[in-house]
Each structure stands twice: as C-alpha cells, then as structure tokens.
Amino acid sequence: MTSEATILSTPIEYLTGISAQRGELLRKELNIYVFKDLLEHYPFRHIDRTNVDRIGMLTPAMEYAYVAGKLISLDIVGENRGRRLIGKLKDDTGVVELVWFQGINWVQKILQVGQQYLVFGKLGFFMGNPQIAHPDMENFTNENASGKKSLEPVYPTTEKLKAKGITGNVFGKFTKELLQKINVKDLPENLPADVIEKYKFISRFEAFSQIHFPASEKHYHHALRRLKFEELFFAQLRMNLIRIARHRFSKGWVFDKVGDLFNDFYNHHLPFELTNAQKRVLKEIRKDAGSGRQMNRLLQGDVGSGKTMVALLSMLIAADNGFQSVLMAPTEILAQQHFQSIAGAVKDLPVQVRILTGSTKGKVRKTILQEVAEGKVHILLGTHAVIEDKVTFHNLGFAVVDEQHKFGVAQRAQLWKKNTIPPHVLVMTATPIPRTLALTAYGDLDYSIMDELPPGRQPITTIHRNEMARPQVMDFIKEEIGKGRQAYIIYPLIEESSKLDYENLMKGFEEVKSFFPEPKYWISMLHGKQPPEQKETNMQRFVTGDTQIMVSTTVIEVGVNVPNASVMVIESSEKFGLSQLHQLRGRVGRGAEKSFCVLLTGQKISNDARERIKIMVASNDGFTIAEKDLEIRGPGEIEGTRQSGALNFRLASLVADKVMLEAARETIDTLLEKDPELDLAENLPVKSFLHTQKAKTKWSKIA
Ligand code: ADP
Ligand code: MG
C-alpha cells in the first residue's frame, strides 16, 4: 500500500460492486486495499472470447476449458464431507460436468437450470468424462456471444472470494472501471528518459492498460516487458541505495594497521600460500575495516575454498588494532573444529582463543565470560551461546558468522549490540547461490565471492549406484581404507527426532559393522540425539584416524574438515536436495588424495530426483549446481536466500527473465555511478517514484 497519487490510494470500496464486506475479504485474502493494489493484481491469463471450445472436443491435454452451453441440471450429491454440487452443461457436441465443493448454497442460488452460460475453468477428466471444478460462470447473452473484445483477463482469486461471487473474471469488471477513473497523470513515468528510449518501453499508463486489457498478444507482450523491467529495476535499486546509505552513515571501528600478529602469522605460520581469491577477499575486508564505516559483508565461497583462513587472518588484524573478535558456528561440532584448527594455528602467537558453547558449564564458563569481559581473550569461538546476553565483551570489533544460512536474522542482529558501535560483520556461506540472484537478494550488502579452490585439489568423482550395489560399494571402501584413507557413510535424517529415520540409521550402523568388523576396523557414529561429549569423542576419533569410518546423519553436513577422508557414501540420496548433497560431498576432496562420492538410491526414483543425481554426477562446482537448482526449484526454495520479499516478484521470474535482470542491474550500476544521490534532473522520475513507495526493508541492514 502506498501513496503514489491520491486517486491510486483510494479504497477499493469506491468501485462499483465492492461492498464493505467484499472489501474486507479482498483485504484479507489478497492484500488488496486501494486502487493501486488492484491495478497490480495482474491477470494470469487472457481468454479469447471469440474462441469458445466445443465440449465434445475437450481433451486431457487441455489445461483450461472455455465453453458455452445450457445448464441442464444442478444437484447436490453426497453427504457431510463428500457433499458437493454438480451441474451439467451441454452444447450440441457433448456434456461437461461442473463441480462445486464450497459455496454450494450461494452457487445454487445464482445459477438457473435452463440458462445459457459461458464457463471457464481448469479442466479435469473423471472416469473419461470432462469436468470443471469451481468454474467461473457468466451469463451467455448475445452481447458476449459475438463481437466482444477478443482478449479478456482472468485473475487469480481464492475459494473464499469465489464464494462471495468474486471469480477470476469478476476482477476484470473492477479493473475496467478503475482504468476509466484514472489517466496518464496518475501513473507518471518512473524511469529515466534514456532508459525508456534505449529499451523502447511503452508508457506506464499504456502498460497498465494493456496488461489488463491487451488489444493484441503483441500489446500484452510490450506491457509485460515494461512492467517486469520496473519490478527488477526497483527491487535492485532499493537494495543498492540501502547499501550506499549505510556506507555513508554507519560508523565503524577503524582498523588502520596491519600489525605484528598478522605479519608474524602470515610470514612464519601460514601453512600454505593463499589462493588469489583468498587474497582478494582479505584485501576487500581490510579496505572496509579501515574505512571508518561498519563492514557488513557476505562472503560466498564454495565448500572447501578456505573461508576459515580468511576469517582467522581478519581476526588477527582486529587483534592487531586492539579489538576482540567472535566467530559463531551453527553446530557444536563445527565450533569445536574451528577451535582446534584456529587455536592450533596461532599457538605460538600471543593470541588467546577460547571456545564457548551450550555445553560449556560451571567454573569453566564463568572464567571464560570473565576473561572475555576483561579483554583477555582475543578470539572467542562458539555456537550461538556467544551472542547470549550474559556474554559481554571488553571491546568487540569483528564478528564472523559461519554458515550464515543456519542462523536467523534476529540472531545475527544480536551481534550488533555487543559494542557501542556495531562490530564489523563477516558472514560466510557455503551454499552458493547464483551470482545474479546473490546480487539481487544481497544487493544491500557488501559482497565477496571465492570462486577458486586451493591448488592441488583433484575433482571428486561422483557416481550413482542403486542400493543393490551396496556390497560392492563397501568393498570399495575397504580398498580405500587399505590405502590409509577414511570414509563417511551418511543416512538421511530428515527430522532429528523422527523415530523411523533413527531406526534406519541404527540398522545401517549394524550393517556397516558387519562389513567392517572390529578390531580390524573401527567405526564412529554421529547423530543429533547424542550428548555433546559423545559427539565430540566420536568426531575426535575420526579426526585423529582412530576410526576409519564415520556413520552419520546430516549433522556432519556443514563445515566439517577431515582432509584424509576420501570416500563419501550417501544413502537414500534421492531424499536430499541439491545444495545439501553438494555440502555433504564437500566433506571429501579436502586433501591431496583423489576422492569419491557414491550416491546410493532406491531402484525406483522420481524424475526430479534422477535429475538432481545427474547434475551431481556431472558437476563439482557449487555455483553451477546452484544455477541448476534455481532452474529446477525456483528462487523461493533456494537455501540461503532471504525471505525479505526482495525476490517476490509479481511478474518477473529470476530464472526466465535472467537477461532482463542483468539489464536492469547494468542500468542501475551506470546510473548510480554517475548519480549516487539521484540528484540529476534526468533521474527525478526515479527519485519521486521511490519516495512514494514505503520502505519495507526492516532487516535489510543486517547481513
Ligand atoms: P570452507 O571454505 O569450506 O570453510 P575450509 O576453510 O574448511 O573450507 O578449508 C578447507 C581446507 O582447505 C582446510 O583443510 C584448509 O586448511 C585448506 N586450505 C585453505 N586455504 C588453503 C590454501 N590456500 N591452500 C591449501 N589449502 C588450503
Ligand atoms: Mg567452513
């Protein structure tokens, strides 16, 4: 709801046929409050009035039916929950059945047997006979029989609205009246003239008129193009403006030097040469942290790209500048692992590292809290326990959130309160999302990408086997163990508490044990129901190589790093999504040895699952996989994207309209580079339009 222009903010009750009661329902069901909302309630299709289907020619291949005929009967059948209203509509080629499950009394009252009707709706076939459930009905008069405008809009509606007579084409009546009430001045231009010229866009008024009542297919297409561009343009522009505003107004701690800690570590303790991507990101972070404004940076790097080292080096710079750092990980296991690798890496340096998790209790906890409050601890690692109110810092300057998608925004926001000026925030995620999507969804943040793996990594070979081949797969694991390697076997535990899944895991464990008997082999098992100490022991035994096999649920999914492991077997892999499979596979291929991933599935799997497995077999690259995932599932489903609404477009699709998305982004980049404040006269239309839109980006400041 906005105040774009007075007439567009008129309540919908001012239209003929919208009573207070209907108005209330429109608000509740579809968020339609004012004229503008109705104008943006776009038709999902148009029907060609001159082109009525003949009932005898309806086939299961047709998605919708649009027929004209006489209602020859109308009866209530069935009882209780099976109660429904059935009508029969006849033309001279056949009969189609019409069915209502809801609003029966109302429908029965308004329809008349013997009358002629135009009927539109989703077509189904029941025992070979055509059937339309909850059709849109319109009296068939001579007026609409011939000579009517050819393309009529059909709108999305809901069952409740239909029951009050607001069917998919009744909206057309409202919109028609609305369009008569407004004129060009009410929909002023909102794009710069040169953009309109470049893309040959039609005017806004024209676009809104034609999207509802197109004069032809071609007109509709032009309207759609213009309005899609607007959506993509303003969604991205808003995010970019938030980023620019934050850069100008948010104060941040200044890290103006690289000191002894960093230099000593970099020159004497760094176990490997940094990749170019790591160097580049580190530079970006240093620049941000030295700028005097708060950094709010998202780091996207594929699994295994070495994000932890970037985090550690950044935290050393913070320490060099007299600031404390905190690193928050989503699981206890991961926090432990970070602690070991980070504390191990800096053990010869005067840097104090501590770990704080839910299982840090009693005296130990008290001491740590005190040391953190006094500033004796330079780096605090842990789970979300580190953001609890009890934890106060002496001088927190840098915060790292590992595996960002596992935390809620509200949790991350806690970090901001831990000092008088918020710390710099580096958010790391290994659930890559495609670049175009990332730039849209996270356009308000600073954004870094690590698209390079450390050298010497061999690509993981991924194979698909059905579960009948399990014995051969176990033999293969034996061979690898014979060479000194280790293996993971993962079971799907969709719900940690599900009894069935848990039993599956236990059964699997017994089976694995029978293949790999003690004392020749030792097995670790890990699942969410274990107490933290037990988890830690099991993990630790695998890390040190005391056990050769890790049987686990997906608790192992994120971040775990055991470079000697070279085989990842995923049981029932048809049950996993693409990003999860990629995450799991990322547990191997971390050392110099050739690694393998075996995707076991049942014999019969769905086409979707087969497609996912095929993609996994074909590609090792997280960004490629993310791109495919987007194509298969659409942006709403992609892990790691925000529900901020930034990606909820009415018309545009991030998949189908990728080219336009890019075009809109380039337009914005050029525009903002020249005129970041939108002060130039040529950008006035853009600026005025933005002013009329209410800000709805409450959380968008937080990475
Ligand atoms: P992720 O980005 O998935 O969090 P990690 O930070 O766990 O990856 O790093 C994966 C592995 O790669 C670790 O064993 C780490 O020590 C190693 N690694 C990181 N950077 C490099 C590098 N530049 N060269 C070689 N190995 C590296
Ligand atoms: Mg990691």
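### As for the site of ligand 1
Point 1. Taken together, the neighbourhood of ligand 1 is formed by 16 residues, with Gln 278, Gly 304, Lys 307, Thr 308 and Arg 457 sitting nearest.
Point 2. One of the backbone nitrogen or oxygen atoms of Ser 305 is found 3.4 Å away from an oxygen atom of ligand 1.
Point 3. Between an oxygen atom of ligand 1 and a main-chain N or O atom of Gly 306, the distance comes to 3.0 Å.
Point 4. Its free accessible area being 570 Å², ligand 1 has 85% of it covered by the protein chains.
Point 5. A breakdown of the residues in the shell around ligand 1 according to their chemical character gives four nonpolar, seven polar and five charged.

### A closer look at helix α13 (residues 332-345)
Point 1. The terminal C-alpha atoms of α13, which comprises 14 residues, lie 20 Å apart, in line with the 20 Å expected from a rise of 1.5 Å per residue.
Point 2. Those residues of α13 not exposed but buried are Glu 332, Ile 333, Leu 334, Ala 335, Gln 336, Gln 337, His 338 and Ile 342.
Point 3. In this structure, the buried residues of α13 make contact with α12 (307-320), β10 (324-328), β11 (353-356), β12 (379-382), β18 (523-526) and α19 (532-543).

### Focus: the domain arrangement of the protein chain
Point 1. Taken domain by domain, the protein chain comprises domain 1 (51-147), domain 2 (260-450) and domain 3 (461-619).
Point 2. One C-alpha centre belongs to domain 1, the other to domain 3; they are set 54 Å apart.

### Here we look at the sheet that holds strand β20 (residues 565-570)
Point 1. Spatially, six strands are ordered β16-β21-β20-β17-β19-β18 in an open sheet, and the strand pairing comes out parallel. Across the chains shown, the open sheet's two edge strands, defined by having one partner strand only, are β16 (461-466) and β18. Neighbour to neighbour, the strand axes of the sheet diverge by 15 degrees on average, direction disregarded.
Point 2. Bridge count for β18 against strand β19 (residues 549-552) is four bridges, and the pairing is parallel. Looking across to β19, one finds that Ser 524 is bridged to Met 550.
Point 3. Sheet contacts for helix α17 (residues 470-482): β16, β17 (486-490), β19, β20 and β21 (596-601); angle to β20, the most-contacted strand, approximately 165 degrees.
Point 4. Of the strands in this sheet, β16, β17, β20 and β21 are in contact with helix α20 (residues 578-585), which crosses β20 at around 150 degrees.

### So, the environment of Glu 13
Point 1. By the secondary structure assignment, Glu 13 is in the segment before α1 (20-30).
Point 2. Each C-alpha atom of the pair Glu 13 and Leu 505 lies 59 Å from the other, and the pair is 492 residues apart in sequence.

### Some words on the sheet that holds strand β13 (residues 396-401)
What links the strands of a sheet is backbone hydrogen bonding, and the strands pair in either a parallel or an antiparallel sense.
Point 1. Pairing is parallel in the open sheet, where seven strands are placed in the order β11-β12-β10-β13-β14-β9-β15. Edge positions in the open sheet fall to β11 and β15 (446-450), since each of these has one partner strand only. With strand direction ignored, the average angle separating the axes of adjacent strands in the sheet is 20 degrees.
Point 2. Strand direction decides the pairing type here: β10 and β13, joined by five bridges, are parallel. Bridged to Ser 325 within β13 is Phe 398.
Point 3. Sitting on the sheet, helix α11 (residues 276-289) is in contact with β9 (296-301), β13, β14 (424-429) and β15, with an inclination near 160 degrees to β15.
Point 4. Relative to the sheet, helix α14 (residues 362-374) contacts β10, β11 and β12, its axis offset from that of β11 by approximately 130 degrees.

### Points about the pattern of salt bridges
Point 1. This model, assessed by the stated rule, comprises 30 salt bridges.
Point 2. One salt bridge connects Asp 451 with Arg 280, and the closest N-O pair in it is separated by 3.9 Å. Remark: Arg 280 occurs in helix α11 and Asp 451 occurs in the loop between β15 and β16; sequence separation between them is 171 residues.
Point 3. We note a salt bridge from Arg 485 to Glu 593, for which the minimum N-O separation is 3.4 Å. Of this pair, Arg 485 sits in the loop between α17 and β17 while Glu 593 sits in the loop between α20 and β21; the two residues are 108 residues apart in sequence, bridging distant segments of the chain.
Point 4. Look at Glu 593 and you get partly exposed, because its relative accessible area is 37%.
Point 5. Overlapping salt bridges, with partners in common, bring together Glu 189, Arg 204, Arg 226 and Glu 230 in one network.

What counts as what
Residues numbered from 1 in each chain as written. Chains lettered and ligands numbered in written order. Predicted model: local features only at pLDDT ≥ 70, side-chain atom pairs only at ≥ 80, totals over all residues. Heavy atoms only, no water. Near = heavy atom within 4 Å. Polar contact = N/O pair within 3.5 Å; in protein donor to acceptor, adjacent residues only side chain to side chain. Areas by Shrake-Rupley, 256 points an atom, 1.4 Å probe, with all protein chains shown as cover. Nonpolar A, V, L, I, M, F, W, Y, C, P; charged D, E, K, R; others polar. Helix = DSSP H or I, 4+ residues; strand = E, 2+ residues; numbered from the N terminus. Expected span 1.5 Å × (residues − 1). Buried < 20%, exposed > 50% of the residue type's maximum accessible area, 1.4 Å probe, protein only. Contact = heavy atoms within 4.5 Å. Domains from an automatic or database assignment. Pairing = 2+ DSSP bridges. Axes fitted to C-alpha atoms, helices over the stretch in contact; angles between N-to-C directions. Salt bridge = Lys/Arg side-chain N within 4 Å of Asp/Glu carboxyl O.

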